[in-house]
Amino acid sequence: MSTSFTIPFALLQAATPDLSARLTALESATKSAQSAGDNAWMLTSAALVLMMTGPGLALFYGGLVRRKNILSTMMHSFVMMGLVTVIWAIYGYSLAFSEGTPFIGGLKYLFLNGVGREPNADYGATVPHLTYMIYQLMFAVITPALISGAYAERIKFSAMSLFTVLWITIVYFPMAHMVWGKGGLLNAYLGGAIPTFDFAGGTVVHITSGISALVCALYLGKRVGYPQDPIKPHSLVLSVIGACMLWVGWFGFNAGSAVAANGLATSAFVNTHFAAAAAALSWMLAEWLKLGKPSMLGGISGAVAGLVAITPASGFVEPMPALLIGFLAGVFCFFMVSTVKHMFGYDDTLDAFGVHGAGGTLGAILTGIFATKAINDTPINNKVIALGLVDGNPGQILNQAIGVAIAMGLGIVGTLLILKLVDAVVGMRVERSEEEDGLDLSQHGEEGYFFEA
Amino acid sequence: MKKIEAVVQPFKMEEVKEALKNIGVDGMTISEVRGHGRQKGHKEVYRGQEYNVDLLPKVKFELVIPDARLDEVVETLTAAARSGKIGDGKIFVYDVAEAIRIRNGDRGDAAV
């Protein structure tokens, strides 16, 4: 009997002097475990978002163009993975995410100076700052690639490259800073004057790229033969594969935007999937009713429209509103590309505006309606406050609309200036004969398919 | 010798090929072609944009046979290629002046 008392007592005695040391060790182990979980998810998410550009978007867009333009169209996505990455490392991340003015960041992180393995508490307290940097880079890669849907099949490769460098610098970095950067004008969580909710980039990614795509389509003019000659997608099979990869990659895009492997990430994941599913069905249904047949292209277009629309809302809304947002996005974007586009007669080759511009705008406004603290209780100025209309904050819809207006204004003015400049320097559009030969041959000197080889 | 040119539905290709093989027609050339006769194309819709596709995919058989076998081959080919619907295709028959086997210089019926 006596031993059973003495042993624990002796242990306790031995433990007492360094109890605080052991607590510290325990805290540090807990922190490191959380960091391991969060970092694993964030690196996975970064890889998923890169997969959205190549091969996801490259295949989705590549299948929709004619056979003679498959490589050039894939190049419009692929080359971003090189071009944007280099700029991001040199000055892009700094302009988007270091502290500066409410409109654009400063030069503190130039050459990634000071961006290392220590977390930056403002952006992600549990993951290395480098993780956050590389994750955000993948968004900067895909955004200009989305615009390529509007200028595909007729832009010069040199003009496209120069346009991209200028566009991310003049439009994307400021917009990303305003919405997500510390002290950004629209950043609800880090001291923005006009708090807007954009969980994963509805304004930053989809509205800016969508509206810029429209400006490009109008500026460049129609493709030779559009719309009187039949210009059909050359391989919807490729497009289906690409769209499904976009759907999967979008889990990284939206659920990764929680910057942690937590419950909020799960909410965003579920909402993302629900919206894509509802939108795929609603687009096909609208088509079926209006044109008589549900199509595969309609299904994948709908899924992408739903994913676009849920992007700003994904970390703010309950699952049922996510279904509704998806459903509305499918019908709305179908109407935009099948009716509105033909009414105005512009040639947005792959409907970058009709899907990303229109779907992004719809999603941003609906976020103002359905955002709720029941899903996202991240404090704003140290308080958990009412978020959207369903929480009793109707004013948020106005804030969201201001966010949309700023993204559109910046997109229109910035893109127009850049187009004028690039057109003057290298010329935007290929010669008519080069367009007829196809951009693969005229711009790259190669062909996508050799059936005889 | 006669040359037979038959334009048939692509899905009938295997059936026609087998039927010809079964009656001992050894040589033929097959190509994928596009065209239309009285059957006028169809409509396709991509994101609400309608296209009328009037040239449809067909398969063209070309074969050269001795005069004596003409009726038998045409009958076999017609039976195998027929689905009874519009778009089943056409058969054209030509006279052939000469046929030469490149390997050994055989001429006429011996070469086909």
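Small disclaimer: the values here were computed from a predicted structure and weren't measured.

(A) Representation of the nonpolar core within the structure. A:L246, A:A275, A:A279, A:L307, A:A329 and A:C333 are the most contacted members of the largest nonpolar core, which totals 144 residues. Sort the elements by how many residues they give to this core and helix α4 (residues 129–151) of chain A lands first, with 15 residues. Setting aside anything within four residues of it in sequence, one finds A:C333 in contact with A:W283, A:A305, A:G354, A:V355, A:A358 and A:G359. B:A6, B:V8, B:V59 and B:F61 belong to the second-largest nonpolar core, a separate cluster that totals 13 residues.

(B) Up close: helix α12 (residues 395–425) of chain A. Relative to the 45 Å expected for 31 residues at 1.5 Å per residue, α12(A) spans 45 Å between its end C-alpha atoms, a close match to the ideal helical length. Just beyond α12(A), the residue with positive phi is A:G427, at close to 85°.

(C) Quick look at unusual backbone geometry. Residue and element names in this part refer to chain A. Cis geometry marks the peptide bond from G54 to P55, where omega comes out at 10°. Within the secondary structure, P55 sits in helix α2 (residues 19–64). Backbone geometry places N381, a non-glycine residue, at a positive phi of 50°. Look at N381 and you get exposed, because 9 C-beta atoms sit within 10 Å.

(D) Expanded view of the interface of chain B and chain A. Contacts between the two partners involve 6 residues from chain B and, on the opposite side, 11 residues from chain A. Sort the elements by how many residues they give to the side of chain B that touches chain A and strand β3 (residues 42–46) of chain B lands first, with 3 residues. Of the residues that constitute the side of chain B that touches chain A, the class distribution is 3 nonpolar, 1 polar and 2 charged.

(E) View of the sheet that holds strand β1 (residues 2–8) of chain B. Residues and elements named next belong to chain B. With antiparallel pairing, the 4 strands of this open sheet are ordered in space as β2-β5-β1-β6. Two strands in the sheet have a free side with no partner beyond their single neighbour: β2 (29–35) and β6 (89–95). Taken pair by pair, the neighbouring strands of this sheet meet at an average axis angle of 20°, ignoring direction. The strands that helix α2 (residues 70–81) touches are β1, β5 (56–65) and β6; relative to β1, the one it contacts most, it runs at about 5°.

(F) Quick look at α4(A). Residue and element names in this part refer to chain A. Compared with an ideal rise of 1.5 Å per residue, which puts 23 residues at 33 Å, α4 spans 35 Å between its outermost C-alpha atoms and is within 8% of the ideal. Taken across its 23 residues, α4 has 22 buried, putting it largely inside the fold. Backbone geometry just after α4 places E153 at a positive phi near 75°.

(G) Spatial organisation of the environment of A:T372. Residues and elements named next belong to chain A. Relative to the helices and strands, T372 resides in the loop between α11 (352–370) and α12. Sequence-wise, T372 and L387 are 15 residues apart; in three dimensions their C-alpha atoms are separated by 5.3 Å. With residues up to four places along the chain from it excluded, the contact list for T372 reads F316, V317, E318, L387, G388, V390 and D391.

Criteria and cut-off values
Residues numbered from 1 in each chain as written. Chains lettered and ligands numbered in written order. Predicted model: local features only at pLDDT ≥ 70, side-chain atom pairs only at ≥ 80, totals over all residues. Core = buried A, V, L, I, M, F, W, Y, C linked by C-beta atoms within 7 Å. Buried ≥ 20, exposed ≤ 12 C-beta atoms within 10 Å, placed from the backbone. Helix = DSSP H or I, 4+ residues; strand = E, 2+ residues; numbered from the N terminus. Contact = placed C-beta atoms within 7 Å. Expected span 1.5 Å × (residues − 1). Nonpolar A, V, L, I, M, F, W, Y, C, P; charged D, E, K, R; others polar. Pairing = 2+ DSSP bridges. Axes fitted to C-alpha atoms, helices over the stretch in contact; angles between N-to-C directions.

Nothing here speaks to function; it is geometry throughout.
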